[in-house]
Each structure stands twice: as C-alpha cells, then as structure tokens.
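Remarks on the overall topology
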Amino acid sequence: MRPTHQKTMLLLGVALAVLFAAAAIFTVGANSNADVPEVVYTGKNTTPAGEPISGATVSLFSNDKTSSVSVYSKADGTFQLPPMPSEAYKLRARLMGLHDEWVDIKPGEPKPVTLSLKKAEGWALQLQRPGHSLMNMLEWENEADALNFKMMCAYCHQVGTVGFRSPEEPVDWEVMLTRMDGFQGLYKHTQDGLVDKIYSTYGREAEAKWPAFVAPPAPKGSDLDAVISEWQLGQENVAMIHDIAVASDGMIYTVDMTNDAISTLDPKTGERNVYS
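Residues numbered from 1 in each chain as written. Predicted model: local features only at pLDDT ≥ 70, side-chain atom pairs only at ≥ 80, totals over all residues. Heavy atoms only, no water.

Focus: the overall build of the protein chain
If you tally the helices and strands in the protein chain, you get 5 helices and 15 strands. Each of the 276 residues in the protein chain was classed as buried or not, and the buried ones make up 41%. Long-range contacts, defined as pairs at least 24 residues apart, comprise 60% of the intrachain contacts of the protein chain with a sequence gap of at least 6. On the protein chain, roughly 15,200 Å² of surface is accessible, and the fraction owed to carbon and sulfur atoms is 54%. (Helix = DSSP H or I, 4+ residues; strand = E, 2+ residues; numbered from the N terminus. Buried < 20%, exposed > 50% of the residue type's maximum accessible area, 1.4 Å probe, protein only. Contact = heavy atoms within 4.5 Å. Areas by Shrake-Rupley, 256 points an atom, 1.4 Å probe, with all protein chains shown as cover.)

Written as structure tokens, this is what we have:
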C-alpha cells in the first residue's frame, strides 16, 4: 500500500567532505516488501508530564539505518505510520528543542508505543542549532563580499553546523577552509582574512557571544499529513553525493564524486544501484 498524501520533496544533505560524506534523498512513498506481511505502527508522543506533543517527526528506520519512513504526530500527539513489512526496526521521535527518543521495534503484531520527549538544554540544545542561525554574525565589508562567500561556500557546505564548528585551532580552520574553497572562487581579500573572521565567529572562544538558540515552531496544519521516505545513497563516510537529477520516469540519479560513480534510486521500490 502507498500513502495517499502526494506532496513530494527532495532534499540532499551534503556537509563538509572531510567530516560527512553520506547523502540522503527524501520523497513521498512507503517502503515495501511483498514477501513479508505488512503491519501498521501507531503511538503517541508526550512530555514527561503526559501532555501531547504535536509536530514531532516519528521515523521508522531499517535495522541498518539505510532507509526510513517518517510521519508527524498530530495535535493530540498520536501518530500512525503507513503499512510496513513486519520486521525489526528502530523508532525515533524528534522535535527541535527536545531530546530524541528511541525504541526498538520487534517483528510481530505491533502495539501502540508511547514516547516521552524531554527538554534539551545546554550543549544538547546547541547541538541542534542549524548553521543559518549564526550566519548573520559574520560581518562583511559589503554585500558583494557576503554574496561571494555564500555562493562559493554556504550554498554547498553547511556553514555553522556542529561539523563545521568542530575545528579547535586557527590552523585547523585554515586547512578546512582551504579545502572548502577548492574551486578558488573566493575573492583574494576574502581568502586572506577568512580564517580570522570564521574563527572569531564560530571558534570555541566565540560561543559565549552567541545569541540564545530558540527552537523554531513545530510543523502544524496540513504539514502534519506528510509521509516521507528516506534512502541513504553511497556508503556512509566514504561517498560524497552531488548533483541530483530526476528523470521523466521518476528515477533519481546522483554523482558520487569520491568514487567516480553514478548512483540511482527508484523511489517506487527503494531499489538503489551504483555504476562505476
């Protein structure tokens, strides 16, 4: 069975090549396995006090975590995943501002699952901070310099995320930023001062100057009807997936730059192939 919701979205997560080299493609559709009976997993997300949590993403991962299907919890906190083969899974509830909650699912007749999500604070909350929340702290002489940095760096690399903030010393930042500007597209004066600018904004000593991070509002309304299937393309920490192309028949093609290969995904079946 396939979900009736027809909204489709494609997302490609490409982070720093030296830190994160796997990518994921998202599109509407449920995984299917005709040889295994299908079951429906349901449950509810709540606070520790038992209050319902609306808008949390509930994801059912295959045991190897290379594919998943996700839905959102409704206003009363309940969720229902599309029919899935009766197999072993890992179930995760996630909402920014809260800790993730995981449950192991065993094969067999499913029982409703209640997941209690606790508030994230301190460094646990900072780990959820998206890169764009700090982008406006970078100070530029003019709009042209800012746009040059965005086009040459931020359009591809996830500037400001936890992985980006991981270097500790200026020399580490210099190595990373030099690799990031592999096409040498930054203005020369920007190249000369970029390490100091980035370090003063994103370095460990700069964290005390960051504005408090407030988690964005949870999804609501018709967004809660979305059903999202996810497949990992390429081997984690080995592949670097770039350049999505969707063919007229719905097949998805990408380039694995690290392994000089083309990866394909059939969203209808979840079948993935690599050609090198």
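Here the narrative resumes, following the displayed structure.
A word on a nonpolar patch on the surface
A contiguous nonpolar surface patch, about 460 Å² in accessible area, is contributed by Tyr253, Val255, Met257, Ile262 and Tyr275. As for its placement among the helices and strands, Tyr253 is situated in strand 13 (residues 252-256). (Patch = residues over 30% accessible without salt bridge, like charges linked within 9 Å, V, L, I, M, F, W, Y side chains within 5 Å. Salt bridge = Lys/Arg side-chain N within 4 Å of Asp/Glu carboxyl O.)

A closer look at the nonpolar core
Grouped together as the largest cluster of nonpolar side chains are 21 residues, with contacts concentrated most on Tyr41, Leu60, Phe79, Leu81, Leu91, Ile105 and Leu115. At the level of elements, strand 4 (57-62), strand 5 (67-72), strand 8 (89-94) and strand 10 (113-116) are the ones that each hand at least two residues to this core. Ranked by residues supplied to this core, first place goes to strand 8 with 3 residues. Ignoring any residue separated from it by four or fewer positions in sequence, one finds Phe79 in contact with Tyr41, Thr42, Gly43, Lys44, Asn45, Val58, Val71, Tyr72, Ser73, Leu91, Val113 and Leu115. In terms of nonpolar packing, the next biggest core, distinct from the first, is built from 18 residues, Phe164, Trp173, Met176 and Val195 among them. (Core = buried A, V, L, I, M, F, W, Y, C linked by side-chain atoms within 4.5 Å.)

Points about helix 5 (residues 188-202)
Spanning 15 residues, helix 5 covers 21 Å between terminal C-alpha atoms, matching the ideal 21 Å at 1.5 Å per step. Roughly 50° is the biggest bend found in helix 5, and it falls at Leu194. For helix 5, the set of buried residues is Thr190, Leu194, Val195, Ile198, Thr201 and Tyr202. In this structure, the buried side of helix 5 is in contact with helix 2 (132-135), helix 3 (143-154) and helix 4 (170-180). (Expected span 1.5 Å × (residues − 1). Bend = angle between axes of the 7 residues up to and from the residue.)

A short note on the confidence of the model for the protein chain
Averaged over every residue, the pLDDT of the protein chain is 83; residues scoring 70 or more account for 88%. Predicted confidence in the protein chain is weakest over strand 1 (residues 23-27), with a mean pLDDT of 42, and strongest over strand 6 (residues 78-80), with 98. Confidence over residues 1-32 falls short of pLDDT 50; this stretch has 105 contacts with residues more than four positions distant or in other chains. (pLDDT = per-residue confidence, 0-100.)

Concerning unusual backbone geometry
A positive phi angle, close to 60°, is found at Lys65, a residue other than glycine. As for its placement among the helices and strands, Lys65 is situated in the loop between strand 4 and strand 5. At Asp260, a position not held by glycine, the phi torsion is positive, near 50°. Its place among the elements puts Asp260 in the loop between strand 13 and strand 14 (261-266).

Some words on the environment of Pro216
For Pro216, the position within the fold is in the loop between helix 5 and strand 11 (228-233). Judged by its relative accessible area of 43%, Pro216 falls in the partly exposed class. Measuring from C-alpha to C-alpha, the distance between Pro216 and Met96 comes to 7.2 Å, with 120 residues separating the pair along the chain.

Overview of the packing of helix 4 against helix 5
Where helix 4 meets helix 5, the axes come as close as 9 Å, and the angle between the chain directions of the two elements is 120°. Classified by chirality, the crossing of helix 5 by helix 4 is right-handed. The residues of helix 5 that touch helix 4, namely those facing Pro170, Trp173, Glu174 and Leu177, are Leu194, Val195, Ile198, Tyr199 and Tyr202. Looking at side-chain class alone, the contact of helix 4 with helix 5 contains 8 nonpolar, no polar and 1 charged residues. (Axes fitted to C-alpha atoms, helices over the stretch in contact; angles between N-to-C directions. Left-handed = near helix turned anticlockwise from the far one by under 90°. Nonpolar A, V, L, I, M, F, W, Y, C, P; charged D, E, K, R; others polar.)

So, the pattern of salt bridges
Throughout the structure, instances matching the rule amount to 5 salt bridges. For Lys74, the salt bridge goes to Asp225, with nearest N and O atoms at 3.1 Å. Of this pair, Lys74 sits in the loop between strand 5 and strand 6 while Asp225 sits in the loop between helix 5 and strand 11, and the two are 151 residues apart along the sequence. The closest approach of N and O atoms between Lys188 and Asp192, which form a salt bridge, is 2.8 Å. Of the two residues, Lys188 and Asp192 both sit in helix 5, 4 residues apart, roughly one turn of that helix. By relative accessible area, which is 55% here, Asp192 ends up exposed.

Re helix 3
Owing to its 3.6 residues per turn, the α-helix brings residues three or four apart onto one side. Those residues of helix 3 not exposed but buried are Asp145, Ala146, Asn148, Phe149 and Cys153. On an axial view of helix 3, the arc spanned by its buried residues comes to 160°, and they lie on one face. Buried-residue contacts for helix 3 involve helix 2, helix 4 and helix 5. One side-chain oxygen at the N-terminal end of helix 3 lies 3.1 Å from the backbone nitrogen of Ala144; it belongs to Asn142. (Arc of directions from axis to C-beta. Polar contact = N/O pair within 3.5 Å; in protein donor to acceptor, adjacent residues only side chain to side chain.)

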